[in-house]
Amino acid sequence: MKPAPFDYYAPTTLDEALSLISQYGYDAKPLAGGQSLVPVMNFRLAQPSVIIDLNRIDKLFDFSATSSKVTIGSMTRMRTLELDSGIAEYAPLITEALPKVAYPQIRTRGTMGGSLAHADPSAELPAVALALGAKLELQNKTRSRWVNAEDYYQALFTTAIQPDELLTRIEIPSLKPNSGWSIQEVSRRHHDFAMAGAAAFVELDSAGICQQARLVFFSVTDYPMLASQVVSTLVGQKPTKELIEEVAASTAAKDIDPSEDIHATADYRRHLARVISGRVLSTAFDRAKSNGR
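Keep in mind that what you see is a predicted model, and the values were worked out from it rather than measured. (Residues numbered from 1 in each chain as written. Predicted model: local features only at pLDDT ≥ 70, side-chain atom pairs only at ≥ 80, totals over all residues. Heavy atoms only, no water.)

**Things to note about helix α1 (residues 14–24)**
Those residues of α1 that fall on the buried side of the exposure criterion are Leu14, Ala17, Leu18, Leu20 and Ile21. The arc enclosing the buried residues of α1, seen along the axis, measures out at 160°, which places them on a common side. With respect to the buried face of α1, the exposed residues turned more than 90 degrees away are Asp15 and Gln23. Against β1 (7–9), β2 (28–31), β3 (50–53), β6 (135–139) and β10 (166–173) lie the buried residues of α1. At the exit of α1 stands Gly25, carrying a positive phi of roughly 50°. (Buried < 20%, exposed > 50% of the residue type's maximum accessible area, 1.4 Å probe, protein only. Helix = DSSP H or I, 4+ residues; strand = E, 2+ residues; numbered from the N terminus. Arc of directions from axis to C-beta. Contact = heavy atoms within 4.5 Å.)

**Looking at empty space enclosed by the protein**
One pass over the structure, following the stated rule, counts 1 cavity of 30 Å³ or more. A volume near 40 Å³ is recorded for the largest cavity. Taken together, Tyr90, Ala91, Pro92, Leu93, Leu132, Pro173, Ser174, Leu175, Trp181 and Phe201 form the lining of the largest cavity. Along the lines of polarity and charge, the residues of the lining of the largest cavity split into 9 nonpolar, 1 polar and no charged. (1 Å grid on protein atoms, 1.4 Å probe; cavity = no way out; pocket = protein on both sides within 12 Å on 5 of 7 lines; lining within 4 Å. Points joined across faces, edges and corners; volume = space filled by probe spheres on them. Nonpolar A, V, L, I, M, F, W, Y, C, P; charged D, E, K, R; others polar.)

**A word on the pairing of β3**
Both faces of β3 are covered, namely the face carrying Val50 and Ile52 and the face carrying Ile51 and Asp53. Two elements, β1 and β3, share 3 bridges in a ladder whose sense is parallel. Within β3, the position partnered with Tyr8 by the bridge is Ile51. Here 4 bridges tie β2 to β3, and the two strands are oriented parallel to one another. Across the sheet, the residue bridging to Leu31 is Asp53, located in β3. Between the parallel elements β2 and β3, the chain passes through helix α2 (residues 37–42) in a crossover that is right-handed. (Pairing = 2+ DSSP bridges. Right-handed = clockwise from strand over helix to strand, strands pointing away.)

Here's what the structure looks like:
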């Protein structure tokens, strides 16, 4: 299949791109890495009449990682982040997640912002952004606004981005002492989309008491799902093996309503969610205990 006819624009500034997206709205699609958009256009599942190529806008490729925060321009390539020592130090969950995303050739073109804007429920980076408490900057021609990751994902392939807006920047708090992280998934083959996965981020105080716990499921619901049972059960408690097993079983039973397809039944996905959530929480807390910095 070939895509339906479309007009093509390649702006060189953000202002130009925002003017174009304002002009064409629903009829336009921004092109980032193209790893998701081009295939769905070829199958004619998407038929935009206008493509706005963001690859010549240098400003969107900027990123930085410091002890206070990590800032990532939406066009930053996944492979760039995967190999960056600052990201590994201050946002190691991103570094751990990226090798699970398809293949190096895909990550060389694919972008952080493209993945978050596409919001595939089986993708790792949307779950990571939610687990890390990211903020996303959405801009149109007249203003910019920041949206918390908790409010950003709304339904299947649906986000808070409005038709006249572009996702331009992602901000993530930098890793603090006594913090831990983990992401794990189960797939039929390495680098395939996951049948079920989970990402966790936790913080302990000096006495080993849980101060923050964020567990996010992906590939089990229509969009990344923040597990509420984890916060109510773990925060304020010492994370023992028994408590982690209890919260893993509870959250898999109450927080998610898994989908079913040719790859896995709903019951099997729920089972995977229970096992994986226990593993990522255990790994995250172990790392937090050894991450005194």
